[in-house]
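# Overview (structure and organization)
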Amino acid sequence: LDTSIAIRDSAAERPGLRRGRYVSARLLIYAALLFWAFISLFPIYWTFTTSFKTAVNVTQGHLIPWVDFQPDWKGWRSLGLSPDTIGRTSTVRSEFLLRFENSIFASVGASLLAIVIGSLAAYGLSRFEYKFGPWRNKDISFFFLSQLILPPVVLAMPFLVLYKELALLDTRLGLILVYTLMVLPIVIWIMRDQFETIPIELEQAALVDGCTVWGAFFRIVLPIALPGIVAAFILSVILCWNEYFFAALLTSTNAKTLPVMVASQTGSQGISWWSMAALSAAAIAPLLVIGILLERYIVKGLTAGAVK
Amino acid sequence: MLKASPLGDDHLQSVAFGHISPSRKNAGRALIALSSLLLLIVLLVQILYRAGSLSAGFANWRPVLYAYLIWATALGAGQVLIRGEAGHRALFLLPALLFTISLVIFPTFFGLYIAFTDWNLSSLTGRRLSGLDNFRALLHDPYYWNALRNMIFYVLAVLVQYAIAFGLALLLNADIRARKFFRVAFLLPFMLSPVAVSWMIGKSLMEYRFGPAATLARHLGWDSPAFFTSPWIARFSIMAMDAWVWIPFIMILLLAGLQALPREVSEAAKVDGATPWQSFWQITFPLMLPVSVTAIILKIIFQLKLADIVINVTAGGPGGATDTVSSFIFREYRDRSNVGYGTMLAEFYLVLIIIFVMLLLHLVSRWIRKVT
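What counts as what
- Residues numbered from 1 in each chain as written.
- Chains lettered and ligands numbered in written order.
- Predicted model: local features only at pLDDT ≥ 70, side-chain atom pairs only at ≥ 80, totals over all residues.
- Heavy atoms only, no water.
- Helix = DSSP H or I, 4+ residues; strand = E, 2+ residues; numbered from the N terminus.
- Rg over C-alpha atoms; globule rule 2.2 N^0.38 Å.
- Buried < 20%, exposed > 50% of the residue type's maximum accessible area, 1.4 Å probe, protein only.
- Contact = heavy atoms within 4.5 Å.
- Areas by Shrake-Rupley, 256 points an atom, 1.4 Å probe, with all protein chains shown as cover.
- Lys, Arg positive; Asp, Glu negative; His and termini not counted.
- Charge placed at Lys NZ, Arg CZ, Asp CG, Glu CD.
- Salt bridge = Lys/Arg side-chain N within 4 Å of Asp/Glu carboxyl O.
- Polar contact = N/O pair within 3.5 Å; in protein donor to acceptor, adjacent residues only side chain to side chain.
- Nonpolar A, V, L, I, M, F, W, Y, C, P; charged D, E, K, R; others polar.
- 1 Å grid on protein atoms, 1.4 Å probe; cavity = no way out; pocket = protein on both sides within 12 Å on 5 of 7 lines; lining within 4 Å.
- Points joined across faces, edges and corners; volume = space filled by probe spheres on them.
- Patch = residues over 30% accessible without salt bridge, like charges linked within 9 Å, V, L, I, M, F, W, Y side chains within 5 Å.
- Axes fitted to C-alpha atoms, helices over the stretch in contact; angles between N-to-C directions.
- Left-handed = near helix turned anticlockwise from the far one by under 90°.

Regarding its fold elements, chain A presents 14 helices and 1 strand. For chain A, whose C-alpha radius of gyration is 26 Å, the value lies well above the compact-globule estimate of 19 Å for 308 residues. Its C-alpha atoms put chain A at 80 × 70 × 35 Å along the principal axes. Across the 308 residues of chain A, 54% fall into the buried class. Considering only residue pairs separated by 6 or more positions, chain A has 67% of its internal contacts joining residues 24 or more positions apart. For chain A, the exposed area adds up to about 13400 Å²; of that, 68% sits on carbon and sulfur atoms. Here chain A carries 24 positive and 19 negative side-chain charges, and the mean point of each set is 4 Å from the other.

Turning to the interface of chain B and chain A, a few remarks are in order. Between chain B and chain A, the contact holds 109 residues from the first and 102 residues from the second. Taken together, chain B and chain A are joined by 3 salt bridges. The tally of links from chain B across to chain A stands at 17 residue pairs in polar contact (both at pLDDT 80 or more). Considering each element in turn, the side of chain B that touches chain A owes the most residues, 20 residues, to helix H3 (residues 85-115) of chain B. Here the side of chain B that touches chain A is composed, by residue class, of 72 nonpolar, 19 polar and 18 charged.

Evaluated as defined, the whole model comprises 4 cavities of 30 Å³ or more. Computed from the structure, the largest cavity encloses a volume of approximately 920 Å³. At the level of secondary structure, the elements contributing two or more residues to the lining of the largest cavity comprise helix H7 (152-165), helix H8 (172-196), helix H10 (213-242), helix H11 (245-250) and helix H14 (295-303) of chain A together with helix H9 (231-260), helix H12 (289-303) and helix H13 (308-313) of chain B. Considering every element that reaches the lining of the largest cavity, the biggest residue donor is H8(A), with 7 residues. The residue inventory of the lining of the largest cavity, partitioned by class, reads 33 nonpolar, 4 polar and 5 charged.

Residue and element names in this part refer to chain A. Counting across every chain of the model gives 11 salt bridges over all chains. Taking the shortest distance from any N to any O, the salt bridge between arginine 127 and glutamate 203 comes out at 2.8 Å. With arginine 127 in helix H5 (residues 91-127) and glutamate 203 in helix H9 (residues 201-208), this residue pair connects regions lying 76 residues apart in the sequence. On the basis of relative accessible area, arginine 127 is assigned to the buried category, the value being 2%.

Let's shift gears to a nonpolar patch on the surface. A grouping of A:Tyr22, A:Val23 and A:Leu27 is seen on the molecular surface, where their side chains present a nonpolar patch of about 310 Å² in accessible area. You can see A:Val23 is positioned in helix H2 (residues 15-50).

All names here are of chain B. For the pair helix H5 (residues 142-173) and helix H15 (residues 339-371), interaxial distance at closest approach is 12 Å and the crossing angle is 35°. Every pair of crossing elements has a handedness; the one defined by H5 and H15 is right-handed. Taken together, the residues of H15 that come into contact with H5 (itself represented by Tyr144, Trp145, Leu148, Met151 and Val155) are Leu345, Phe348, Tyr349, Leu352 and Phe356. The class makeup of the residues in the contact of H5 with H15 is 10 nonpolar, no polar and no charged.

The space that makes up the second largest pocket amounts to roughly 1300 Å³. Lining the second largest pocket are 46 residues, and of these A:Leu162, A:Leu166, B:Leu65, B:Ser102 and B:Leu103 lie nearest its centre. If you list the elements that add at least two residues to the lining of the second largest pocket, you get H5, H7, H8 and H11 of chain A together with helix H1 (22-51), helix H2 (62-83), H3 and helix H14 (325-334) of chain B. When the residues that make up the lining of the second largest pocket are grouped by side-chain class, the tally is 38 nonpolar, 3 polar and 5 charged.

This part covers the side chain of B:Thr117. With respect to the element layout, B:Thr117 can be found in the loop between H3 and helix H4 (133-139). Here B:Thr117 is in contact with B:Arg127, B:Arg128, B:Leu129, B:Ser130, B:Asn134 and B:Gly340, once residues within four sequence places are set aside.

Set out below in structure tokens:
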């Protein structure tokens, strides 16, 4: 440490040097930030611009619209979503909209179900003591969290057989059930953390006033925990929206979701990059909007429970 | 049965423990017994119908599901009737518990059964128990062991992701302008579906002929920038894509940890004349250990499920160099319809994962106790 103090003293003697070092450090920080922002955003930029390119722009590697290529609706036309085709009937568009709808139903439905049963369980685990055979609260919580380890491949085949017998194969309800199972541990994790930050005295006062436990939960705890619920909900929707593995195995024609459609187009389209880009752009657009507008909640959801 | 009782001071105490009349208790017990009976009858009828000893039955097992739902509802209502207040408490936990148990127990046991059959969807003979045949085949399957070995590399890549994410978190935590913009920009890759990323990056940006990444590589002096033809480069490309998606996740956790650090500590270090380098290694990094460990373990757990990107970009190629266990089994199911064998591979992998994660958690907690 002695040497560093000596260096610092000598630097203090020459304020010009110190100032120069400060400025160069700032420059380095901003350069690194901009570099990573470029890494993060370029693929997204590339996808959106490519959806407006024609073949010649793709092969010549043009990057900036209006500067080195003239935007064209070609990609969106092949999806039936360009201005001149939007009024006409289009089989690709109705297919796309059906997949979009499936994705919305599956992800929102599963997230809602997971939030309802997950918050209840998380509240119970944070407030009461349970005994379930030899299991206590800690073991029950661990049981829920341990589901996170389970890889989808282990569940895939049994679910396929189970769903076939229950006539749930290729239905939205089937997807909702699997996705609920998938996000439930995360929801319970986030919500338990949220409930534990709420002082127990609030409910005790309500119980003294004659509230039932359910009354206290709905009238007192739930309003306070709402931001946490929103965070868990948004995170669940994102995870379900992006899920591919189960959707690829458990759905075929009716309940196929957007990622499966994107994946099935990848091979067949060959070099028609503009339509693939348009499809990818349309598939990620809702998430980009959510990410930009609700970033606060996503960060809240991700960090709940992990950072004490 | 599930019992909820008020114990301990930090748990919620209830005031009113009203008396529950015996007739109410009996009604509750009768409700549970009746619904259990209904479930059993429906189950039995369906099993006998399927076995051929009963001529009438249901077309599929859906009615059993409905009977199960009725049973679950009756169980909850019965709890309230029999145990009053304590039953109300059990009701909070019951839905999630029943849901998870019923959706996990069945697949686990049925999966174990499938794993010991020679079931192939495309074969005409149906499924037969085949004992340990699948397991023996697994031991001699070079592609499976190759996939397992790849998983080691993929898990090790988490450490690189962690290092980059830590750097980014430090940058975001520095005194900068437009922090909100950078945070949103850095987070966005995490929101995107891996399938879309597979196309956006793997199939177009890194495309050999026209992809900008390939063009850039040519400018930098790499003559034939084929990202997916030689084994190690392909593996690195997959790792890079996975890192692109997941670094924001680790970064957000670390950033939250950095923001929770007490400011006085680093300021005191500054006053004492520590260089930023010293204050990072001797103060920030040790204080961040718990968050770091949480982030790394969570990411490793997610990494063990890595599949989407591999399936959609390389399908495991070249020669299995990028295969993960999940993507390998996915192809076993989808392309070869080899259900019995694929399930054996999956169950074996699950056992390995459980041992690995348990060991990891154990070692890490011991190490942290030693360090702090």
